[in-house]
Amino acid sequence: MNRVPHEMLTSFLFLCVALTGIASAQADTLSAVDVLRVGGCGGLLRAAEPVHHNPRLDRAAEQWALGLSIEAAARRSGYEVQSAAGVHIRGSESSTIELLRRSACRTVTRQAFHDVGVYQRGVDTWLVLATASVVPARSAAPGLPTQALRLVNEARARGARCGERSFGPAPPIRLSATLDEVALGHASDMAVHNYFEHVDPAGRTPADRVRAVGYPEKLVGENIAYGPQSVEEVVKGWLDSPGHCENIMDARFAEMGVAYAAGQAGRRGLFWVQLLAAPRA
C-alpha cells in the first residue's frame, strides 16, 4: 500500500435507517443556540460565531445536572476547560429558543465560547458553553472543501481500483456545509485530546455525530488521516488505501464534508476528517 511517510489513515462505514428522538431534540437545542448567536439574540447583542458541539460537554452538562460544579463537571468529562458557563431551562422543545432568549441571551452569545454540550431529561435542558484551555488551529482556508470536492469528483468520474476491487465511474458528489461542520468538530476534538479514532472518547460514532446535528442520514462513511500537509496529499493517500478508496468511490454517497485541525498535544501534525453521506429521501 502506498502511503505518505508518517501518515495514518482509517475509514468507517455505517448504515442507519432512522433518527432517534433524543438526537432530534438535542439537534433542536443546538440549532437554537446557533440561531441566537448568529442573530445576536434578535439584534439585541453583538452577533457571535456558531459554537461547535462537543460530546465531552454533553457529559459535563449531565454531571452538572447531577450536582457537580460546571468546571468540575467539564474536567471529569475530559474537557480541558479555560472558561465555562451553564444554562438550565425548563419547558417544551418547541419553546427552547424563546426560553433561551428570555433568560440566557448574554451567556449564549458570549464571544469567547467555542464549544457547547447539551443534556436533556424530561422537560429540563442543561447546556454547558465553554472554551478549551488549548484551542486547535482549524481549517480556515475557504477553498479547502471545494478543492477536496474537485479531487474526489475527478476520481469518481474516471473510476478507480481500490485494492482488489474495481469501481466504475460514480456520479459526482456535492458539498454539505453541515457535514463540513461535523468533520471540523471531530478533527478539532482529535487535535485537542490527542487521539486518532472514528469513535470519540464519549463513545460516539461518525453516524452519531451526524445524527446529533439533525442531518437525515441513511448511510455514513468517514475517512480520517493524520500527517498530510495538503488536500492533494490527503486525498491521494485515501485513494491509495483500499478501504478509504471504497468510501470515496461508493456511488451511494451523495454529499461530503471535509476539514482539518492542527494537533496541540503529543501529535503536532494535521488531523483530517472526510465525511460522506447519503441523506434520507
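To be clear, the structure that these remarks concern was listed above.
Notes on the structure follow.

Once that is clear, we can look at the pattern of salt bridges. In the structure shown here, the tally under the stated rule is 13 salt bridges. Here arginine 101 and glutamate 98 are joined by a salt bridge, their closest N and O atoms 3.4 Å apart. Here arginine 101 and its partner glutamate 98 are both found in helix 4 (residues 96–103), 3 residues apart, which amounts to about one turn of the helix. Judged by its relative accessible area of 34%, glutamate 98 falls in the partly exposed class. Taken together, the shared-partner salt bridges connect Asp200, Arg209 and Glu222 into one network.

The next thing to look at is unusual backbone geometry. Even without being glycine, asparagine 194 reaches a positive phi, approximately 55°. Secondary-structure assignment places asparagine 194 in the loop between helix 7 (177–193) and helix 8 (206–212).

Core analysis: the biggest nonpolar cluster contains 28 residues, and Ile173, Val231, Val235, Trp238, Met249, Met256 and Trp272 have the highest contact counts within it. Residue assignment for this core shows that the elements contributing at least two residues are helix 6 (144–158), strand 6 (160–162), strand 9 (217–226), helix 9 (231–239), helix 10 (242–249), strand 10 (255–262) and strand 11 (270–279). Here this core takes 6 residues from helix 6, the largest share from any one element. Core analysis: the next-biggest nonpolar cluster, separate from the first, contains 21 residues, Leu184, Tyr195, Val210 and Tyr226 among them.

Let us now look at the side chain of threonine 131. Mapped onto the elements, threonine 131 comes out in strand 5 (residues 124–132). Threonine 131 gets classed as buried once you look at its relative accessible area, which sits at 4%. Only 2.3 Å separates the side chain of threonine 131 from the backbone oxygen of alanine 112, close enough to count as a polar contact. Once residues within four sequence positions are removed from consideration, threonine 131 is found in contact with Tyr79, Glu80, Val81, Gln82, Ser83, Ala112, Phe113 and His114.

Criteria and thresholds
- Residues numbered from 1 in each chain as written.
- Predicted model: local features only at pLDDT ≥ 70, side-chain atom pairs only at ≥ 80, totals over all residues.
- Heavy atoms only, no water.
- Salt bridge = Lys/Arg side-chain N within 4 Å of Asp/Glu carboxyl O.
- Helix = DSSP H or I, 4+ residues; strand = E, 2+ residues; numbered from the N terminus.
- Buried < 20%, exposed > 50% of the residue type's maximum accessible area, 1.4 Å probe, protein only.
- Core = buried A, V, L, I, M, F, W, Y, C linked by side-chain atoms within 4.5 Å.
- Polar contact = N/O pair within 3.5 Å; in protein donor to acceptor, adjacent residues only side chain to side chain.
- Contact = heavy atoms within 4.5 Å.

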